[in-house]
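Fold and geometry: a report
Here's the letter readout for the chains.
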Amino acid sequence: MTSVTRFAPSPNGLLHVGHALSALIAHDTARASNGRFLLRIEDIDLDRRRPEYISAIYEDLSWLGLTWEEPVLVQSEHFREYLAAADKLIAMGLLYPCFATRTEIAAAADPEQTDPDGAPRYPGLWKGASGEQIGERMAAGDTPALRLNMDAALQALRFRRGDKPLTFIEIDETGRRQTITAQPQRWGDAVIIRKDVPASYHLSVVVDDARQGVTHVTRGQDLLAATDLQRLLQELLDLPEPVYSHHRLIRWADGRKLSKSNHDMGLRALRSEGATAADIRQVIGRA
Ligand code: GLU
């Protein structure tokens with residue numbers, strides 16, 4: 001099967017060797033099957049996106065020897081499509097407005113219950129709010145986030161699929177395929193449209209993976225749990241199901257994560273110290 005893969009960095013910092021691993025796996029997977037390698041700039045976080053990081057992404061990937069199809073999909077140019085997808089979920093009665101602040105959520109949440117990102121599980125503050133309560137806040141000029149009613153979403157899923165469990169196919173580095181049961185419920189009533197921008201990471205990813213015809217999502221293991229929620233959204237929105245490979249993460253010897261902000265193992269820094277693209281492949285075990 002020819003694969004369509006993508007590398008989808010967020011331009012809020014410089015790429016490091018962990019990104020190089022993601023990009024090279026996606027690129028090599030596509031090339032090995034005579035497929036297509038796509039690039040997507042995930043810049044819905046308008047406060048953190050910086051144009052110079054976008055040009056740095058293109059430059060660093062070219063230096064690594066990668067080529068990708070044009071045009072590159074830039075998410076901030078597609079808010080309308082994310083809202084259209086949210087509209088479908090609204091029409092199905094699966095989203096509700098939430099005006100709660102982070103502080104209010106943290107104060108009301110059960111400290112034992114966190115979502116897979118480690119954030120407090122949303123305690124349902126605005127679930128079941130009356131039209132009047134919502135109208136009052138709208139009239140005051142407040143913008144709500146839109147949250148997924150997880151119970152209703154799971155019910156809609158059962159209605160469509162009966163007892164057939166929600167699963168995804170995970171392919172490991174040796175090519176072995178495994179069917180994994182998705183557990184979207186552990187995300188609780190997740191934010192689907194943020195307060196500050198008309199999109200969210202999970203919604204934009206599923207809309208764009210479908211629009212770009214991505215057949216094989218390759219990304220780090222830190223996003224494994226995200227797949228649970230993304231599979232649910234794909235089912236609810238009638239989007240095709242890609243296969244997945246969540247690759248190992250590159251960390252410091254003491255287990256610390258590489259970070260963009262500290263320019264840890266930054267490709268630029270390594271390049272200016274004389275590293276070559278072949279050295280990077282060697283270091284990350286993809287020579
Ligand atoms: N934009 C995400 C990141 O930079 C990756 C999203 C994905 O691959 O699904 O971590």
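To keep things clear, this report deals only with the structure shown in the data block.

Bringing the side chain of S204 into the picture now. Residue position: S204 is located in helix α7 (residues 201-211). Among residues more than four places away in sequence, those in contact with S204 are I44, Q75 and Y82.

For the rest of this paragraph, the subject is the pattern of salt bridges. By the definition in use, this model includes 27 salt bridges. Between D238 and R160 there is a salt bridge whose closest N-O contact spans 3.1 Å. With D238 in the loop between α8 (224-236) and β10 (243-247) and R160 in helix α6 (residues 150-161), the pair connects residues that are 78 residues apart, well separated along the chain. The closest approach of N and O atoms between D254 and R256, which form a salt bridge, is 3.1 Å. The exposed category is assigned to D254, whose relative accessible area is 55%.

Read across the open sheet, the three strands follow the order β1-β2-β3; overall the sheet is parallel. The sheet is open, and its two borders are formed by β1 (4-7) and β3 (73-74), each paired with just one other strand. Set on the sheet, helix α2 (residues 51-63) makes contact with β1 and β2 (36-41); between it and β2 the angle comes to about 155°.

Now for the nonpolar core. Side chains of a nonpolar character, in soluble globular proteins, are inclined to be buried together. Residues Y82, L89, L148, L203 and L232 are the most contacted members of the largest nonpolar core, which totals 40 residues. For this core, the elements supplying multiple residues, two or more each, are α3 (79-91), β5 (145-148), α6, β8 (191-193), α7 and α8. Top element by residues in this core is α6. It accounts for six residues. L15, L21, F37 and V72 belong to the second-largest nonpolar core, a separate cluster that totals 26 residues.

Within the open sheet, the three strands sit side by side as β4-β5-β8. Their pairing is antiparallel. Across the chains shown, the open sheet's two edge strands, defined by having one partner strand only, are β4 (95-98) and β8. Averaged over neighbouring strand pairs, the angle between their axes works out to 45° when direction is ignored. As paired elements, β5 and β8 share two bridges and run antiparallel to each other. Within β8, the position partnered with R147 by the bridge is V191.

Criteria and thresholds
Residues numbered from 1 in each chain as written. Predicted model: local features only at pLDDT ≥ 70, side-chain atom pairs only at ≥ 80, totals over all residues. Heavy atoms only, no water. Helix = DSSP H or I, 4+ residues; strand = E, 2+ residues; numbered from the N terminus. Contact = heavy atoms within 4.5 Å. Salt bridge = Lys/Arg side-chain N within 4 Å of Asp/Glu carboxyl O. Buried < 20%, exposed > 50% of the residue type's maximum accessible area, 1.4 Å probe, protein only. Pairing = 2+ DSSP bridges. Axes fitted to C-alpha atoms, helices over the stretch in contact; angles between N-to-C directions. Core = buried A, V, L, I, M, F, W, Y, C linked by side-chain atoms within 4.5 Å.

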